[in-house]
Amino acid sequence: MPANASARRHLPNYALYGAQPGHDPVDSVHHERIPSRASRFGFEIEPHFHDALIQTLYITRGGGETSIDGQRWRLEAPCLVVIPARSVHGFHFDADIDGHVVTTAQSAIESVAMTAAPELLDFVRTPAVLTVDPYSRRGEPLAALFEGIGREAAHPERWQYTAGLALTLALFVQIARLSEKARLTGNPARAALVARIERFRLLLDARCRSRQPVARYAEAMGISAGQLTRICREAFGISAIEAIDRRAVHEAQRLLMYSSLSVKQIARELGFRDEAYFGRFFRKQTGLRPTEYRLREQGRLSHSA
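Residues numbered from 1 in each chain as written. Predicted model: local features only at pLDDT ≥ 70, side-chain atom pairs only at ≥ 80, totals over all residues. Heavy atoms only, no water.

1. Things to note about the packing of aromatic side chains
Two descriptors summarise a pair of aromatic rings, namely the distance from one centre to the other and the angle between the planes of the rings.
Alright, step 1. Applying the stated criterion across every chain yields a total of eight aromatic pairs.
Alright, step 2. With 5.4 Å between their ring centres and 25 degrees between their planes, Tyr 58 and Phe 146 make a pair best called stacked. One end of the pair, Tyr 58, is in strand 3 (residues 53-61); the other, Phe 146, is in helix 5 (residues 141-154), with 88 residues separating them in the sequence. Just as Tyr 58 is buried, Phe 146 falls in that class too.
Alright, step 3. Aromatic side chains Phe 278 and Phe 282 sit 6.0 Å apart centroid to centroid with 45 degrees between the ring planes, which places their arrangement in the tilted category. Linking Phe 278 with Phe 282, this pair stays in helix 12 (residues 275-286), spanning four residues, or about one helical turn.
Alright, step 4. Since its relative accessible area comes to 0%, Phe 278 is described here as buried.
Alright, step 5. Residue classification places Phe 282 among the buried residues on the basis of a relative accessible area of 0%. (Phe/Tyr/Trp six-rings, centres within 6.5 Å; stacked < 30°, edge-to-face > 60°. Helix = DSSP H or I, 4+ residues; strand = E, 2+ residues; numbered from the N terminus. Buried < 20%, exposed > 50% of the residue type's maximum accessible area, 1.4 Å probe, protein only.)

Have a look at this one:
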């Protein structure tokens, strides 16, 4: 039996720490200020776990210590704490502690993330303590997100749970960005790779309608064509030319679905020398002729409407 499972056998399993049975926020997004509960227990939260609930704390003043699944962290404001479901955790807070706690069903967050952005799942499932610069591009949205979740929780209205869940998912987008930045800070080589990938993405967006060769992209990035292909294989698992083609196909699909341009006009718009060549390229990438793809997708849109 895993150590955590063994430890949980003898620990309280709360919905909210100290709450009486029947008070279960599993079908809501619960928000409160940290002192409102911690002060009732002398700012000492004994080890416990939540069977189905994930908690996210944003400490804006004061600090303390936490232990999550046996790992100890010192907490100093401003910082974020992520406690996934079934993680054994406890806190010792300083008496001047302040900040937010958001509690919701982890399965709900995972369900939405699975559809919208599966790469967020790791950040939902992994305990974390993250230092925050509240004035940075990634840190600035946090206060507004927690306050928005708090407003939704405080004023019952139609679609309240949906709004709270959407704000919580947006919160985890920021947590993921902060986590990635923290990882890159300790790995300059990885940071340089990510910067080049992002530069390539921006170039693809800007040039996807001009059918430029790999060498032109590499030149704009100040590297060789071979280096660009190695970067693409490491980041995406495909070659640079495959990445260029996929971005062109994505743009073609968008134009076929949402514009009234003819296939010939779309071919010209995307830098192809003639309609027939564009048709062969598109069919090779998607298995459908451009006209077949347009009819299928517009039919789906009409059916959805």
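2. A short note on the pattern of salt bridges
Alright, step 1. One pass over the full model with this rule turns up 14 salt bridges.
Alright, step 2. A salt bridge links Arg 125 to Glu 110; the nearest nitrogen and oxygen atoms lie 3.1 Å apart. Of the two residues, Arg 125 sits in helix 4 (residues 121-125) while Glu 110 sits in helix 3 (residues 106-116), which places them 15 residues apart along the sequence.
Alright, step 3. One continuous salt-bridge network, built from bridges that share partners, spans Asp 205, Arg 209, Arg 247, Glu 251, Arg 254 and Glu 269. (Salt bridge = Lys/Arg side-chain N within 4 Å of Asp/Glu carboxyl O.)

3. Quick notes on the layout of surface pockets
Alright, step 1. What the largest pocket holds in volume is close to 830 Å³.
Alright, step 2. Lining the largest pocket we find 21 residues, and of these Glu 119, Glu 180, Val 194, Glu 198 and Arg 201 sit closest to its centre.
Alright, step 3. For the lining of the largest pocket, the secondary structure elements donating two or more residues are helix 6 (160-185), helix 7 (188-207) and helix 9 (225-236).
Alright, step 4. If you tally residues by element for the lining of the largest pocket, the top one is helix 6, at seven residues. (1 Å grid on protein atoms, 1.4 Å probe; cavity = no way out; pocket = protein on both sides within 12 Å on 5 of 7 lines; lining within 4 Å. Points joined across faces, edges and corners; volume = space filled by probe spheres on them.)

4. Regarding the sheet that holds strand 3
Alright, step 1. If you trace the five strands from one edge of the open sheet to the other, you get 1-8-3-6-9, paired in antiparallel fashion. Across the chains shown, the open sheet's two edge strands, defined by having one partner strand only, are strand 1 (30-33) and strand 9 (128-131). On average, each strand axis in the sheet is tilted by 15 degrees relative to the strand beside it, whichever way the strands run.
Alright, step 2. Note: strand 3 against strand 8 (residues 98-105), eight bridges, orientation antiparallel. Bridged to Gln 55 within strand 8 is Thr 103.
Alright, step 3. Most of the contacts of helix 3 go to strand 8, to which it runs at about 75 degrees, and overall it touches strand 3 and strand 8. (Pairing = 2+ DSSP bridges. Axes fitted to C-alpha atoms, helices over the stretch in contact; angles between N-to-C directions. Contact = heavy atoms within 4.5 Å.)

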